[in-house]
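What follows is the residue order along each chain.
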Amino acid sequence: MAEELPTAFDEAAGTPGPEGPQASAAPDTGEEEPVKQRKNGLYPGVSDELAENMKSGWADTELRDLEPIPQAAETAARRAALSARFPGERLVIPAGNLKTRSNDTEYAFRASVEYTYLTGNQTEDGVLVLEPTANGHQETIYLLPRSNRENGEFWLDGQGELWVGRRHSLTEAEKRYGIPAADVRELAGALREATGPVRVVRGHDAGIETALTDKVTAERDEELRVFLSEARLVKDAFEIGELQKAVDSTTRGFEDVVKVLDKAEATSERYIEGTFFLRARVEGNDVGYGSICAAGPHATTLHWVRNDGPVRSGDLLLLDAGVETHTYYTADITRTLPIDGTYSTLQKKIYDAVYDAQEAGISAVKPGAKYRDFHDAAQRVLAERLVEWGLVEGPVERVLELGLQRRWTLHGTGHMLGLDVHDCAAARTETYVDGTLEPGMVLTVEPGLYFQADDLTVPEEYRGIGVRIEDDILVTEDGNRNLSAALPRRSDEAEAWMAALKG
C-alpha cells in the first residue's frame, strides 16, 4: 500500500481549506493552519510550483451517456411506498461511513441495507433525504462530488480520487439513480436548521445523527427501521433475479471446493475458504457472510469461521457459504459432504435423517402457511429419529413439548434471505416469525444434527459428527421453488456428484 502524501485539509473539519494545498482554514475562524502532515511521511510539504502544476493538464472525464441502474424502477417504487407511509415527515436514510480497521486502513465499505434498498447506490457517506411536500416528498440523494482539483483534494486527501478511485459526479449520479443529487458536505448544516418532524435510520452515520439529535426520538426512528425491514419481506422480480444469480454463483463455488479437497487435506480448512472466496470475488461483490468451512468435529460448531483446522479423509465437511452479488443480495447454502467422497454407514444414517427433515420442512413452505410450519415439520422428523435411535426418551410429543431435541438440533430451521443473510431482522414478530408466508418471500430451510465431541449422552461413534443441509426457497403462488436445487441433496446423489467432479 502506498504511503500517503501530507494532506492539504483541515482534518478536524474534514473539508478542503480555501488557501490551496499548502494551508487550510480553521473552522469558523478564517485563520490559516499549517498542513497536517503524516508523522513519518517522506515529503515535508508541497511546493507552490507543484501545487499549481497539479491543477491543470487533466482531460474531461465526465460520463455523458450513462443509463439508469437496472433496478431504478424498483427503487423508485420503494421510495414511493416509504413516502406514503410517513406523510409530512422528513426522512433521513444514511449509507454509513468508512470504518477503521487499524491505524489508517479501513474495512471494505458496505452501504446500509436500508439505503441500498431505496437507492441502489453503494458509496460511503451517501444520505437519502425525503423532504415533505404538499403532495408527498421531494427526494434528494446527498453524495460526495468529484474530488476538487483546484485545491488539491484529488491527490492530497487520503480519500481523494488518485488514492481510492474516481467517484461519479453529481450529474452522473442523478442519471444513474433517478434522484436529484447534492453535495453531502452541506447536509449536516441544513439538517441542524430543519424544522418539523424528522426520522432517521440510526447506527450508520454519527455525524448525521448528531445534526438531528434534538429533532428525533428513538421510538419514532425505530418505526422507520421496522417499516423498511418489513418492506423487504416480499421480494420484487429484480430481487428474486439477483438471489438466483447469487445461488448460481454459490453452486459453482461449491463445485470449486469439491475439486480441490485433496489440496485442502494437504493444508487446512483455509484452502476451502479461499477457494470459495475466489468465486465470490470473481462473480460477485464478496461473500455474503463469513464462510463456515467446518471439517470433522468443527461441524458441530454452528458458526465455525476460524477455518484453521485440518481436513481429513473419512471426516465430513460442513460447508455453509454464499456469494453476494454486486447488488448485495446473498445466497446461503449448506452441504455436508464426505471428504473422501463416500459417507460411512453412521454418517449416512445421520445425513439421511437431516435430509428427511429438510424434505418435510420444504414441503411445508407454501403461501398461506404459517411461517413456523416448516420449522415444526423439520423438528418433528428429527425428534422422531432421536427417539428411534434411543438418544432421547419418547414419546415424540413429549420431546417436542419440552424441546429436548434441541440438545442436538440447536437452532431454528431457517430465516428470511435477501440483502442481509438474516434479512428483515427488525420486522415485528407478528409479521415475521408469527406471520404467514406470501408469494415472493425467500427463506432458508436448514435443519441440522450436531453431536458434540464431548457429549457423553450419545454413543462414542456419534461424537464429533455435525450435519446441516440448507437451501434457499422462494414462496410461489402455488407452493415453492428451490433456488438452489442444482446442488444435489440426497446422500447418493451427493456422492455421485462429487465423484463426477473429481473424475
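Residues numbered from 1 in each chain as written. Predicted model: local features only at pLDDT ≥ 70, side-chain atom pairs only at ≥ 80, totals over all residues. Heavy atoms only, no water.

In the annotation of an unreviewed UniProt entry, the chain is listed under the name Xaa-Pro aminopeptidase and assigned to Streptomyces pratens. Under the Catalytic activity (unreviewed entry) heading, UniProt states for the chain: "Release of any N-terminal amino acid, including proline, that is linked to proline, even from a dipeptide or tripeptide." Recorded under Cofactor (unreviewed entry), the UniProt text for the chain is reproduced unchanged: "Mn(2+)". (UniProt positions renumbered as here; feature names shortened; annotations may be inferred.)

### Digging into the pattern of salt bridges
Think of it this way: side chains of opposite charge can pair up when their charged atoms draw near. A full pass over the atoms with the stated rule returns 36 salt bridges. Across the pair Arg428 and Glu230 runs a salt bridge whose closest N-O atoms are separated by 2.7 Å. Pair noted here: Arg428 is in the loop between helix H16 (406-409) and strand S17 (442-445) and Glu230 is in helix H9 (residues 218-230), with a separation of 198 residues, a long-range link. On the accessibility criterion, Glu230 (17% relative accessible area) is buried. Asp356 is paired through a salt bridge with Arg385; the nearest N and O atoms lie 2.6 Å apart. (Salt bridge = Lys/Arg side-chain N within 4 Å of Asp/Glu carboxyl O. Helix = DSSP H or I, 4+ residues; strand = E, 2+ residues; numbered from the N terminus. Buried < 20%, exposed > 50% of the residue type's maximum accessible area, 1.4 Å probe, protein only.)

### Re the packing of helix H10 (residues 237-259) against helix H12 (residues 269-283)
In the contact formed by H10 and H12, the axes pass within 9 Å of each other and the chain directions differ by 145°. Every pair of crossing elements has a handedness; the one defined by H10 and H12 is right-handed. Touching Ser249, Thr250, Arg252, Gly253, Phe254, Asp256 and Val257 of H10 are Ile272, Thr275, Phe276, Arg279 and Glu283, all from H12. Tallied by class, residues from the contact of H10 with H12 come to 4 nonpolar, 4 polar and 4 charged. (Axes fitted to C-alpha atoms, helices over the stretch in contact; angles between N-to-C directions. Left-handed = near helix turned anticlockwise from the far one by under 90°. Contact = heavy atoms within 4.5 Å. Nonpolar A, V, L, I, M, F, W, Y, C, P; charged D, E, K, R; others polar.)

### Overview of the UniProt feature "domain: Aminopeptidase P N-terminal" (unreviewed entry) in the chain
In the numbering used here, UniProt assigns the "domain: Aminopeptidase P N-terminal" (unreviewed entry) feature to residues 70-209. With 34% helix and 22% strand, residues 70-209 has end C-alpha atoms that lie 31 Å from one another.

### What to know about the sheet that holds strand S10 (residues 181-183)
Taking strand neighbours across the sheet as the criterion, the 5 strands line up as S10-S9-S8-S5-S11 in an open arrangement whose pairing is mixed. Each end of this open sheet is capped by a strand with a single partner; those strands are S10 and strand S11 (198-200). Strand after strand, the sheet turns through a mean of 25° between neighbouring axes, direction not considered. Its contacts with the sheet put helix H2 (residues 72-85) on strand S5 (90-94), strand S8 (127-133) and strand S9 (136-143), and the angle it makes with S8 is roughly 50°. The sheet contacts of helix H6 (residues 170-177) involve S9 and S10, and relative to S10 the element is tilted by about 150°. (Pairing = 2+ DSSP bridges.)

### Structural notes on the nonpolar core
Counting residues in each nonpolar core, the largest one holds 88 residues, and the members touching the most others are Leu82, Ile93, Ile272, Ile350, Trp389, Leu449 and Phe451. Looking at which element gives the most residues to this core, the answer is H10, with 8 residues. If near-sequence neighbours (up to four positions away) are discounted, Phe451 is found in contact with Thr300, Ile350, Leu386, Trp389, Leu391, Trp408, Val458, Tyr462, Arg463, Gly464 and Ile465. In terms of nonpolar packing, the next biggest core, distinct from the first, is built from 17 residues, Val365, Ala369, Ile473 and Val475 among them. (Core = buried A, V, L, I, M, F, W, Y, C linked by side-chain atoms within 4.5 Å.)

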